[in-house]
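# Structural overview for review
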Amino acid sequence: MKPLKSNLRALTVRFSSLFGRATGDRELEAELESHVQMHIDDGVRAGMSPEEARRQALMKIGGVEQTKEACRERRGLPLIESLLQDVRFGLRMLRKNPGFTAVAVLTLALGIGATTAIFSVADAVLLNPVPFPRPSQLVDLYEKTSTTSRAGVPYADLLDWQRDNRSFEGLAGYLGDEFTLTGSGKPARIPGERVSANFFSVLGVHPILGRSFRGADDRVGAQPVALISEGLWKRAFASNTAVLGETIDLNGQARVIVGVVPSDFRIFSRFGSGPSDVVFVPLGQWNASRLRDRDVRMGLTAVGRLRPGVTAGQAQAEMGQIAANLAKTYPTSNATVGAAVIPMKQDIGGNLRPALLVLLGAVGLVLLIACANLTNLLLARARGRAQELAIREALGASQKRIRRQLLVESTILALAGGSVGILLAGLGTRYVLTLFPAVLPSIVHVETNLGVLGAALAISLLSVLLFGLAPALKISAVGLQSGLKETGRSTSSVHHRTQAAVVVTEISLSLVLLVAAGLLMRSFVRVWSTSPGFDPKDVLTVSVSLSPENLSSPRKALAVYRELREQISAIPGVKVASLSLGSVPFSGDWSAYPLWRSGKTPPSALTQWHWAAAVAAGPDYFRVLRIPLIRGREFAQQDALSAPVVLIDQELARELFPNEDPIGKRLDMGPQVTAEVIGLVQHVLPTGLDGDAASAFGQMYFPYAAFPGVPSSTTLILRSSVKPLSLAGSIRDRVDAVDPGAVVYNARTMEEMISGSLAQRRLSMILLGTFAGIALMLAAIGIYGVISYLVGQRTHEIGIRMALGAQPRDILRDVLGQGGKMAAAGIALGLLASLGLTRLMASMLFGVSATDPSTFAAVVAVLLGVALLACWIPARRAMRVDPMVALRHE
Amino acid sequence: MIRLANVEKTYESGAGNTWVLRRINLDIREGEFVTVMGPSGAGKSTLMGIIGMLDGDWRGEYFLDDHAVHRLDNRRRVELHKQYIGFVFQQYHLIDNLTVAENLDLPLTYRDVRRPERQALVADILDRFQMVGKKDLYPSQLSGGQQQLVAVARAVIGKPKLILADEPTGSLHSSQGKMIMDTLKNLNDQGTTIVQVTHNEAWAAYGPRVIQLADGWIVDGQAKAGAPC
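Notes on the structure in this doc start here. (Residues numbered from 1 in each chain as written. Chains lettered and ligands numbered in written order. Predicted model: local features only at pLDDT ≥ 70, side-chain atom pairs only at ≥ 80, totals over all residues. Heavy atoms only, no water.)

Turning our attention to helix 24 (residues 795-803) of chain A. Residues and elements named next belong to chain A. Of all the 9 residues making up helix 24, 8 are buried; the element is thus mostly covered by neighbouring parts of the structure. All buried positions along helix 24 are accounted for by His-796, Glu-797, Ile-798, Gly-799, Ile-800, Arg-801, Met-802 and Ala-803. Positive backbone phi, approximately 110 degrees, marks Gly-805, located one or two places after helix 24. (Buried < 20%, exposed > 50% of the residue type's maximum accessible area, 1.4 Å probe, protein only. Helix = DSSP H or I, 4+ residues; strand = E, 2+ residues; numbered from the N terminus.)

In structure tokens, the structure reads:
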């Protein structure tokens, strides 16, 4: 007990001595002085002279300074004290070399930050994208047709699938739609989903209030009910729990609110960060005839939860059999239609997978380059410090102590770089998300991934700690004597060969990234310069949804639309206006219809007909978009009232009437309607400039007045002589005047829509460009560092050369040549690697081959230029070497 | 051949200007063998640097034959240097990662001599200095005397009219030193002007004229005009 007590006391004393050290020293000095004085007094009393008494006293005590040292050792905690001393010294060293510190910290931070940001997004999109319980059981289901493997599922087919399958615990369907919300202030257009009753239970989502839909809700004639999102509940109902049982007016129909869906619930038919106001209504309540028509695909997606033990492959086999049975039962609509079962995880990130994999590769290379750069920085520094450390060792510092000191310095550096890296990782992740929200599926929840952050930190820090010890290892390798003399030339040349090899690697990796970024940029320019087939400049599109009263009959609705077009045309600044009831190019919506040439027997299955994208076009539609009319005529006022007429584009003409004049020919539009072709127009790209699936479809235009049924919304399109968006206010006023209950939304310029269609391509290009820029910068720093170091090493040699008659330009050529050789080696290696690696990104390219010679040449020129520029600064320093000083130095 | 008039050199230091050379007036005729002596810090090496045009920061007049060096820009000085001067240093100053032959070749490359001619010159000098067998060795593989011999060979390969030897034997033992001095003497006998710095009286005796420097001043020897040997 007693030893423990005394040990504790000693420890307390030792700890407390870490603080108030000056006071302790003063007390110790005073105590020792009093001891000495007591001995002196004794001596004087014994008859000695004061001087002799003092001499004898000091001899007895054994040296005041040595005694103080022994007391201090017993009093304090030497390990902690020396560690603190190392920390202080380390901080001072880093402060004294601000250039080195800044570059090292920045390099670390960029490596950690960029890697974590991209890995976080990739993790969220590719590895863990499904935010529902037991995600591996969830699959998306589509129909496979002759034109696509992901066609929407007709509702009637979904009902058959639900009935016939044995693979799924539950199979649900959902269909994105928009609703006009009235009754709570100004009418608004909000997104919504029509979902089957079991939709939420299949996904494993529970309302935060009330209930989800029941089977009884999901049929025509049932009481109109709705679920609302938490955001809408908070905004429109002030989070009132009594909201259940209240009604909400959607498209003029009052629906009883039965539940509130949590705000973090998102499904991926919507993009962006996810709107806060969303409604859900039962799919089966909708009595639109086209919903139940097996020939019509409205974009309904099915989602299923596999029974335990059933794999996606087994489900696929069963669904294939069910589809085959349906094809036999309904040959007109379902012949050649199959079913596709795709794991939800794979489906969500599908489009982004190639881009994300390329970006992952790129960011991995950036991390590698960052580590390489750090290695070189630390190796160069090691060279500079070897002599200092040798002196320390010669003065009595142990190898252990020296290593600890270096380790402390490296740790400080690593912590500083790591901290800034963590900051950059957070900012970088947010940057990717906020700058390009349209690209990432809204279902995906991205946040800085701590695991990835930890891994990136660990790799970077490990390289710092490892190479931070290089000076101590060097002393061990060359021996103290050589370290002191600093003439270990063989070691130096190994040293600089290592550094040169690292720089060559950096340059080659940078070249790979630059080539990849260059190819994406060229692709982007190619895509951007592709003509969409019309003139998008100064075109504005605005969506309008009429009030329920005006949508009560087609005749009424068409009259209002006609009135609207006239009113909009009269707005000052509007050159010409039209409207479309089908799809407008680049709006994201388009629908295809089956066609067959009249007079020829069509195949029994509609899926084997020709399919064309159909647009219901108002008067002056082609003038607004400046779609060139090649032959025939545009629609006239009476066309909607007389026999059906259509305009077709060149693609469709080639498909249906090869080598013939299509004007006057007749088309069967489905089994019931036949129309005459009155005009031929240029092909228009409907959804993207880069040749997506929709571009392959020919196009057919019919008069908007001939549109079957009552469209709940229309798109006004106009060409203006002023800034298009400046007209949005006037348009809203005119629509209000014609139909006060109408909702005006989605005012966008056509150029904005085209630009939006390139968001993913732009994102990949910008991110890869950024990484390539970082890599180039790091490589430039790397080559600069090595050449600077070599120039420093060669100062003496340069002096000799100058004494032997070398002109400054000879020295410049020599130094640039040295850097040039490294750059050339790096470029050669990089070119080889690029030729292999860029093939992996072939699917991301457009109009440019993966080995495009001009891109490769431009990148080589840029890299060589930057490398030589990085050598230029040390080369200039070399040119200014004073031979007298350099020669004397040795 | 060399005429220095009132050449002065100072360094800026915290306490003001430090004089290194003061009012140096010196004439050296073509073919002379001149020795500069003096204690450490007397300014011997600085004087050699000025004569060798390695140092351009001084005041006064310097004529090399008819060339007014003090009026020339750096580029012209380098050209003149290449035309006239060969240097031999105390620490040899060979380039470690070049072989003997490559070290000898180096001054020729700076004189834009064509490759075949350079090869011939290097072969000739190797032969003259009896170092053919060592042409592919690196300096670190040679003894001190051999290294200095290479340095002398390198200094003369461009057929300079003037050899400046700054303590050429300073790092050698006496037999090696004698070999180097004999070589310099031999070159002098063939008409090359030699200016050497040494602390060694015996090596100083190789030439008839000794200039004594102390604290930057010429204290003896400027008036003597030794006859060419």
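Moving on, we come to the interface of chain B and chain A. Taken together, the contacts link 25 residues of chain B with 19 residues of chain A. Here chain B packs against chain A, burying approximately 1,800 Å² in sum over the two surfaces, 59% of which is carbon and sulfur. Among the residues of chain B in contact with chain A, Leu-54, His-93 and Tyr-110 of chain B are the three that bury the most area, contributing 33% of the side total. The tally of links between chain B and chain A comes to 0 salt bridges. Linking chain B with chain A are 4 residue pairs in polar contact (both at pLDDT 80 or more), by the criterion used here. When residues of the side of chain B that touches chain A are traced back to their parent elements, those giving at least two are helix 1 (44-51), helix 2 (74-84) and helix 3 (100-110) of chain B. (Contact = heavy atoms within 4.5 Å. Buried area = accessible area lost by both parts, 1.4 Å probe. Salt bridge = Lys/Arg side-chain N within 4 Å of Asp/Glu carboxyl O. Polar contact = N/O pair within 3.5 Å; in protein donor to acceptor, adjacent residues only side chain to side chain.)

So, about a nonpolar patch on the surface. Among the surface-exposed residues, Val-420, Leu-423, Leu-424 and Leu-427 of chain A lie close enough to one another that they form a single nonpolar patch of about 330 Å² accessible area. Looking at the element boundaries, Leu-424 of chain A is found in helix 14 (residues 399-435). (Patch = residues over 30% accessible without salt bridge, like charges linked within 9 Å, V, L, I, M, F, W, Y side chains within 5 Å. Areas by Shrake-Rupley, 256 points an atom, 1.4 Å probe, with all protein chains shown as cover.)

Residue and element names in this part refer to chain B. At a closest axis distance of 9 Å, the pairing of helix 5 (residues 144-156) and helix 6 (residues 174-189) adopts a crossing angle of 15 degrees. Relative to helix 6, the element helix 5 is oriented roughly parallel. Crossing hand, helix 5 versus helix 6: right-handed. On helix 6, the residues touching Gly-144, Gly-145, Gln-148, Leu-149, Val-152 and Val-156 of helix 5 are Gln-176, Met-179, Ile-180, Thr-183, Leu-184 and Leu-187. Each residue belonging to the contact of helix 5 with helix 6 can be placed in one class, and the counts come to 7 nonpolar, 5 polar and no charged. (Axes fitted to C-alpha atoms, helices over the stretch in contact; angles between N-to-C directions. Parallel < 35°, antiparallel > 145°, perpendicular 65-115°, else oblique. Left-handed = near helix turned anticlockwise from the far one by under 90°. Nonpolar A, V, L, I, M, F, W, Y, C, P; charged D, E, K, R; others polar.)

This paragraph deals with the packing of helix 7 (residues 155-164) of chain A against helix 10 (residues 312-329) of chain A. Residues and elements named next belong to chain A. Following both chains from N to C, one finds helix 7 and helix 10 inclined at 125 degrees, their axes separated by 11 Å at the closest point. Relative to helix 10, the element helix 7 lies oblique. Remark: the crossing between helix 7 and helix 10 carries right-handed chirality. Residues Asp-157, Asp-160, Trp-161 and Asp-164 of helix 7 form the contact with helix 10, whose own contacting residues are Glu-318, Met-319, Ile-322 and Leu-326. Taken together, the residues of the contact of helix 7 with helix 10 break down into 4 nonpolar, no polar and 4 charged.

A positive phi angle, near 50 degrees, is found at Ala-238 of chain A, a position not held by glycine. Within the fold, Ala-238 of chain A resides in the loop between helix 9 (230-237) and strand 6 (247-250). In this structure, Met-53 of chain B is a non-glycine residue whose phi angle is positive, near 60 degrees. Tracing the sequence through the fold places Met-53 of chain B in the loop between helix 1 and strand 4 (59-64).

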